[in-house]
Amino acid sequence: MILETTEQARSADAGAPGSFALDPRLRHYSTPLPRPDLTWTPQVEEATRHLYERVAKVMPPVEWPFHAPYVKAINDLKKLRNAVILAHNYQTPEIYNCVADFVGDSLQLAKMAAASEADVIVQGGVHFMAETSKILNPSKTVLIPDSSAGCSLAESIDAADIRALRAQYPGVPVVAYVNTSADVKAEVDICCTSSNAVKVVESLGVDRVIMVPDRYLAQNVAAQTKVKIIAWHGACEVHERFTAEEINAYRTDHPGLTVIAHPECPREVVEVSDFSGSTAAMIDYVRNRKPARVLLVTECSMSDNVAAETTGTEFVRPCNFCPHMKRITLPRILDSLLDMREEVVIDPAIAARARRSVQRMIDLG
Ligand code: 13P
Ligand code: SF4
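Residues numbered from 1 in each chain as written. Chains lettered and ligands numbered in written order. Predicted model: local features only at pLDDT ≥ 70, side-chain atom pairs only at ≥ 80, totals over all residues.

Enquirer: Describe in detail the site of ligand 1, supporting the description with residues and values.
Expert: Contacts to ligand 1 come from Asn 89, Asp 105, Ser 106, Asn 179, Thr 193, Ser 194, Cys 236, Glu 264, Ser 278 and Thr 279. Of the residues contributing to the shell around ligand 1, the split by class is one nonpolar, seven polar and two charged. (Near = placed C-beta within 6 Å. Nonpolar A, V, L, I, M, F, W, Y, C, P; charged D, E, K, R; others polar.)

Given below as structure tokens:
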């Protein structure tokens, strides 16, 4: 019955490759929809020209015919499903600029997820981000286009580790970076992101906190506060590869270089940088200060995404890919919306406890 209705709706739109009839009755269907025609046609070119302009600085024209049919089909499907796509700043330019409804750092995405009125949230990012969206907006359907999009930080610690830390340091509050599973968030006192970690640590009004799981973020926070930080041994596999020697070599090769490092980088890297902040703070720095030459010491796609919207700044590109972020692709986003998968499901009792930790962070403002 459902497929029959879907086919009828589609045949009414026959002759428009890559598009769906926007029948609002189909919005809540959770069964798979038929695959759209993904041919590159003059109609697809016309319908997506304004979107190509957003990425033209970082994508040669020859690449666009491969992306455009997916971009058009995904944007049509979002209307059909009443869905929004939340994309992290590390998503590739065709996702970030052409199908995302909201982009940002981890904190911004969490706030957008909490406020979303769409029926469906598709997470352009890794699994812990999709879990955070579900935790904050449990009545929505949250989809992750590839549930194996993990994170070396989130995988470095589990709920039993938090319980063991509490036993080892009785009464010491535990702060968890949002790059953790729902199970871990449920065990801790409060969450933080790279944009508010110092503020969160100091908000607790104690002289010692346990901070998990990123040892480098912990070191970088410790350098900015008098609160003693007890760290876990996790690390981001993307940021821990940068070294101070590498940064100094870039400075030698590119005179006048401004270096901006993410706080997941080792302390020695942050120390030889001009600024350190979350991915959103890095973007704001470039937008506001307009450096002539900049090195963004973070995941590759950041430079592409900032370069796409920037004039007058030369981007020197060290390239460390996050293999987990790169699991999210246009074809997987399309499949996700067609088949309504993979849905993020969290035990409601765990989600309620995890929500307390995330909400406490958001309430700090
Ligand atoms: P932010 O975007 O919050 O700075 O986090 C970076 C990151 O590594 C997310 O996986
Ligand atoms: Fe995790 Fe690092 Fe990838 Fe972010 S960049 S998702 S912290 S592995």
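Alright, that's what it looks like, and here's the rest.
Enquirer: Quick one: what's the story with the packing of helix H3 (residues 64-81) against helix H15 (residues 330-339), residue by residue and with numbers?
Expert: The N-to-C vectors of H3 and H15 enclose an angle of 25°; their axes lie 9 Å apart at closest approach. Accordingly, the angle class assigned to the pair H3 and H15 is roughly parallel. Relative to H15, the crossing made by H3 is left-handed. Facing H3, whose interface residues are His 67, Tyr 70, Val 71, Ala 73, Ile 74, Leu 77, Lys 78 and Arg 81, H15 presents Leu 330, Pro 331, Ile 333, Leu 334, Leu 337 and Leu 338. Along the lines of polarity and charge, the residues of the contact of H3 with H15 split into 11 nonpolar, one polar and two charged. (Axes fitted to C-alpha atoms, helices over the stretch in contact; angles between N-to-C directions. Helix = DSSP H or I, 4+ residues; strand = E, 2+ residues; numbered from the N terminus. Parallel < 35°, antiparallel > 145°, perpendicular 65-115°, else oblique. Left-handed = near helix turned anticlockwise from the far one by under 90°. Contact = placed C-beta atoms within 7 Å.)

Enquirer: Which residues make up unusual backbone geometry, and what values do they have?
Expert: Cis geometry marks the peptide bond from Val 212 to Pro 213; its omega dihedral reads -5°. Residue position: Pro 213 is located in the loop between strand E7 (208-212) and helix H10 (215-222). With an omega dihedral of -5°, the bond running from Arg 341 to Glu 342 counts as a cis peptide bond. By the element assignment, Glu 342 lies in the loop between H15 and helix H16 (348-363).

Enquirer: Hey, could you go over the site of ligand 2 for me, with residue numbers and the actual values?
Expert: The immediate surroundings of ligand 2 are formed by 13 residues, with Val 126, Cys 151, Cys 236, Val 238 and Cys 322 found nearest. Among the residues making up the shell around ligand 2, the classes are represented as seven nonpolar, three polar and three charged.

Enquirer: Quick one: what's the story with the pairing of strand E3 (residues 120-124), residue by residue and with numbers?
Expert: Most of E3 sits out of view: five of its five residues are buried. Pairing analysis gives five bridges linking strand E1 (residues 83-88) to E3, with the strands arranged parallel. Bridge pairing in E3 places Leu 86 opposite Gln 123. Summarising the sheet, E3 and strand E4 (residues 141-143) pair through three bridges and their orientation is parallel. Bridge pairing in E4 links Val 122 to Leu 143. Taking the sense of rotation as the criterion, the β-α-β connection linking E3, helix H6 (residues 127-136) and E4 turns out right-handed. (Buried ≥ 20, exposed ≤ 12 C-beta atoms within 10 Å, placed from the backbone. Pairing = 2+ DSSP bridges. Right-handed = clockwise from strand over helix to strand, strands pointing away.)

Enquirer: Please set out the sheet that holds strand E9 (residues 258-261) residue by residue, giving values where relevant.
Expert: In space, the four strands of this open sheet follow the order E10-E9-E11-E12, with parallel pairing throughout. Edge strands, defined here as strands with exactly one partner in the open sheet, are strand E10 (275-276) and strand E12 (314-316). As judged from the four bridges shared by E9 and strand E11 (residues 293-297), these two strands associate in the parallel manner. Bridge assignment links Thr 258 to a residue of E11, and that residue is Val 294.

Enquirer: Which residues make up the sheet that holds E1, and what values do they have?
Expert: Across the sheet, four strands lie side by side as E2-E1-E3-E4; this open sheet has parallel pairing. Sheet topology places strand E2 (102-104) and E4 at the edges, where each strand pairs with a single neighbour. Across the sheet, the mean angle separating the axes of adjacent strands is 20° when strand polarity is ignored. On the sheet, H15 packs against E1, E3 and E4 and is oriented at approximately 160° with respect to E3.

Enquirer: If you had to explain the nonpolar core to someone new, which residues and values would you point to?
Expert: Counting residues in each nonpolar core, the largest one holds 107 residues, and the members touching the most others are Ile 74, Val 175, Met 211, Val 297 and Ile 333. If one sorts the elements of this core by residue count, H3 sits on top with eight residues. Ignoring anything within four residues of it in the chain, the contact list for Val 175 reads Val 188, Asp 189, Ile 190, Cys 192, Val 200, Val 201, Val 209, Ile 210 and Met 211. (Core = buried A, V, L, I, M, F, W, Y, C linked by C-beta atoms within 7 Å.)

Enquirer: I'd like a rundown of the environment of Asp 183, residues and numbers included.
Expert: Along the polypeptide, Asp 183 turns up in helix H8 (residues 182-187). The partly exposed category is assigned to Asp 183, around which 18 C-beta atoms lie within 10 Å. In this structure the C-alpha to C-alpha distance between Asp 183 and Cys 151, which are 32 residues apart in sequence, comes to 15 Å. If near-sequence neighbours (up to four positions away) are discounted, Asp 183 is found in contact with Asp 158, Ala 159 and Ile 350.

Enquirer: For the pairing of strand E5 (residues 174-177), give the residues involved together with the corresponding values.
Expert: The two faces of E5 match: Val 174 and Ala 176 on one face and Val 175 and Tyr 177 on the other face are all buried. Pairing of E5 with E7, which is carried by three bridges, proceeds in the parallel orientation. Looking at E7, one finds that Val 174 is bridged to Ile 210. One ladder, built from three bridges, connects E5 with strand E6 (residues 190-192); its direction is parallel.

Enquirer: So, the domain arrangement of the protein: which residues are in play, and what are the values?
Expert: Segmentation of the protein into domains returns domain 1 (2-150 + 326-339), domain 2 (154-236) and domain 3 (239-321). Facing the 15 residues of domain 1 at the interface are 12 residues of domain 3. Mapped by element, the contributors of at least two residues to the side of domain 1 that touches domain 3 are helix H2 (42-55) and helix H4 (93-98). Counting residues per element, the side of domain 1 that touches domain 3 draws most heavily on H4, at three residues. (Domains from an automatic or database assignment.)

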